[in-house]
Amino acid sequence: MYRIRFHGRGGQGMKTASRILGTALFLEGFEVQDAPRYGAERRGAPMFAYVRAHHKPINERGIISRPALVVVSDDSLLAMAAAGVTNGLTAATLLAVCTTRPSSFYDHHDDLKGQLILFRPPASVNGHSQLSSCCAGAAAALLGIISPANLAAAVARELDALPPERIRVNQQAAATVFRRLTENGAFVREGADQVRVKRPHWLTLALDSAALAAPAIHAAATTLRMDTGLWRSQRPEIDFDTCTCCGLCNIYCPDGAISLGDNGCPAIDYQHCKGCLICLNQCPTGAISARPEAAAHETDEVEA
Amino acid sequence: MSSAPQKPSSQPLGHQLAAGTSTCAGCGALQGIRLVHDILDSKVFFVNAAGCMTLLSIYPFTPFAGAWLYTSMASAAAGGQGVRDALDIMLAGKRLPPQEDMQVVVLSGDGSAGGMGLSATSGAMDRNLDFIYLCYDNEGYGNTGYQLSAATPHGARTTTSTSGNPGYKKELFDIWTAHKPAYAATICGAEPGDLRKKVETLKGIKGPRLLLALSPCPTAWHFEPADTITLGKLAVACGLWPLKEYKEGRLVHTKVPKKTGRRPQVEEYLRLQGRYRHLFAPRRNDRVISEIQNRVDRYWEKVTDEG
């Protein structure tokens, strides 16, 4: 059985990637499962989707804990333990990461088990990234059991709500990465048919005490310890030469990540700003601009 | 970047809700709830029906300084009754000083408010429960990937109405006012001035009080998170989301949009959202677009007739 996991951020299209790969495998004659992890759907937050393919009916259910292939659409997730990208990786796992960083950047990631394969994100066309097709193409190449024709057909089938021109651009993005990674010569090894689980003799399901089943939180405002700023892909920045300190950004920020100081002027809390850019859109004097988080991060590092 | 200039101290909104919750970036519901909470101030006891705002408090994290109780989707208003009764008993027994009394606020999405939670809510109104019912209306079951709810508008695509909702949005505001509650109002976080007046008003009233907040949802409605406020303002300006208030048995529209022909067409609002994309591509569906427009126009004609 082939077990594949896609990791990305909500909105990047990894659920779609899993569907494209699933459909391509189905067209190749496999029995297929593809599903996103059920959970609250949040843009920017880490998510994963998984695919199983087998030449016999699949009785296995639930999330994949021992993947043969992991595809990552966003390289910043590698540093986030909560994203669980490296969960269950072994030396035999292929870990394919979509990144613009040079391979030397990953040399000191000692904890990355498995064989690391890097591929570049596709160029955006009219503001649309083809990230889902690209990641599905990468997975298809590394599996080595999907024909280019079936990959293209799967892209068309899963994206049929889009205009024909965008489907074509997506097929190209999938084909480009497919060609490049096929040349690479690294292929996924099929996993065991079944994950062996030792059948327990007897299970006692104890009733949880009320304190466990309905826990109470006694401290206030503990969410401040959550670094939701890690979700951000664009960083808003205030130009105080243009800012009139009207306070609208403070009112419109959903997260309360903009506060007004003693002088009445706004300050952005980057530990919690999710980068929605409502502030940029609503600022009446255009005093807020956005920079890609990766670029802003590099400046931070230089300044530090 | 230059440094912040000095300015005489203005009155900033104190943030009652801490940052760091895991609602989506650009969440219109959270933005509205934040404003309401800031105006209600700190002594609030939230009773939260399961829904998107389940994400506010995930053990061991909470954004609240006050209290929060989590209930099933159907029973939030009943939970509100229990909390109100407990507070009243403690007040009567002098176990809680009067200055530490709390406002009970039921927090619920439209799926619970207009569907399975309606029975408990209706009962709470029958008993004249002293509580605020804050419904964040994102017009579908947002937390589970956007399925059709009773509040989904006509024509909108959800995962369970893939060619557009054939039905019509259930009027929760009308259902409430039919109960003759102490207070009811529609609000939107994109209209903070109107919102502030209404929340200030309801603070001084006892009994069942509704705040129905239009809550644009970038994730489910398929628009850029940066456009949440833009869409809220547009929904009000084009007449699709009437801002109104019911008080002492009288209904008043608090912000009447411009006359037909002079206000933005609903099309402008619909076009910004992926959930209506099928109305414009591959072929334009004039029948549904003009039906939505006509319903809005008819609504406001009636409002003018009544003066």
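Everything here concerns the structure above.
Before going into details, it helps to say that this report is about the structure given with it. Note that the structure is a prediction, hence the values are computed from the model and not measured. (Residues numbered from 1 in each chain as written. Chains lettered and ligands numbered in written order. Predicted model: local features only at pLDDT ≥ 70, side-chain atom pairs only at ≥ 80, totals over all residues. Heavy atoms only, no water.)

**Here we look at the overall build of chain B**
- Within chain B one finds 10 helices and eight strands.
- A compact globule built from 307 residues should have a C-alpha radius of gyration of about 19 Å, and chain B, at 20 Å, falls within 12% of that.
- Within chain B, residue pairs in contact and separated by at least 24 positions form 67% of the contacts whose partners lie at least 6 positions apart.
- Carbon together with sulfur atoms contributes 54% to the accessible area of chain B, which is approximately 13,000 Å² in total. (Helix = DSSP H or I, 4+ residues; strand = E, 2+ residues; numbered from the N terminus. Rg over C-alpha atoms; globule rule 2.2 N^0.38 Å. Contact = heavy atoms within 4.5 Å. Areas by Shrake-Rupley, 256 points an atom, 1.4 Å probe, with all protein chains shown as cover.)

**Structural notes on the sheet that holds strand 1 (residues 2–9) of chain A**
Residue and element names in this part refer to chain A.
- Pairing within the open sheet is mixed, and its six strands lie in the order 2-3-1-4-5-6. Edge positions in the sheet fall to strand 2 (31–36) and strand 6 (115–119), since each has one partner strand and no second. Within this sheet the neighbouring strands show an average axis-to-axis angle of 15 degrees, counted without direction.
- One ladder, built from eight bridges, connects strand 1 with strand 3 (residues 46–54); its direction is antiparallel. Bridged to Arg-9 within strand 3 is Pro-46.
- Strands strand 1, strand 2 and strand 3 of the sheet are contacted by helix 1 (residues 14–27), whose axis makes an angle of about 5 degrees with strand 3. (Pairing = 2+ DSSP bridges. Axes fitted to C-alpha atoms, helices over the stretch in contact; angles between N-to-C directions.)

**Structural notes on the nonpolar core**
- The biggest cluster of nonpolar side chains holds 91 residues, and the ones touching the most others in it are Met53(B), Phe131(B), Leu211(B) and Tyr269(B).
- Counting residues per element, this core draws most heavily on helix 1 (residues 28–40) of chain B, which supplies seven residues.
- Once residues within four sequence positions are removed from consideration, Phe131(B) is found in contact with Ala77(B), Val104(B), Val106(B), Ala124(B), Trp176(B), Gly207(B), Pro208(B) and Arg209(B).
- Counting residues in hydrophobic clusters, the runner-up holds 45 residues, among them Ala17(A), Cys98(A), Ala136(A) and Ile167(A). (Core = buried A, V, L, I, M, F, W, Y, C linked by side-chain atoms within 4.5 Å. Buried < 20%, exposed > 50% of the residue type's maximum accessible area, 1.4 Å probe, protein only.)

**Focus: the side chain of Thr223(A)**
- Secondary-structure assignment places Thr223(A) in the loop between helix 5 (210–213) and strand 7 (234–238).
- Apart from residues no more than four positions distant in its own chain, Thr223(A) is found in contact with His272(A), Ala18(B), Ala19(B), Gly20(B), Thr21(B), Leu56(B), Phe61(B), Thr62(B) and Pro63(B).

**Focus: the state of the cysteines**
Residue and element names in this part refer to chain A.
- The full count for this structure, using the stated rule, is one disulfide over all chains.
- One disulfide bridge connects Cys-245 with Cys-265, the sulfur atoms lying 2.1 Å from each other. Sign of the S-S torsion, about 90 degrees for the bond between Cys-245 and Cys-265, identifies this disulfide as right-handed. Here Cys-245, found in the loop between strand 7 and helix 6 (248–252), pairs with Cys-265, found in the loop between strand 8 (258–260) and strand 9 (266–268); they are 20 residues apart in sequence, far enough to count as distant. (Disulfide = S-S within 2.5 Å.)

**A closer look at the layout of surface pockets**
Residues and elements named next belong to chain B.
- Estimated volume of the second largest pocket: approximately 860 Å³.
- Elements supplying a minimum of two residues to the lining of the second largest pocket: helix 3 (110–116), strand 4 (131–137), helix 5 (172–178), strand 6 (208–214), strand 8 (250–255), helix 9 (266–271) and helix 10 (286–305).
- The element best represented in the lining of the second largest pocket is helix 10, accounting for seven residues.
- Considering only residue class, the lining of the second largest pocket consists of 20 nonpolar, five polar and 12 charged. (1 Å grid on protein atoms, 1.4 Å probe; cavity = no way out; pocket = protein on both sides within 12 Å on 5 of 7 lines; lining within 4 Å. Points joined across faces, edges and corners; volume = space filled by probe spheres on them. Nonpolar A, V, L, I, M, F, W, Y, C, P; charged D, E, K, R; others polar.)

Any link to function would need more than the numbers given here.
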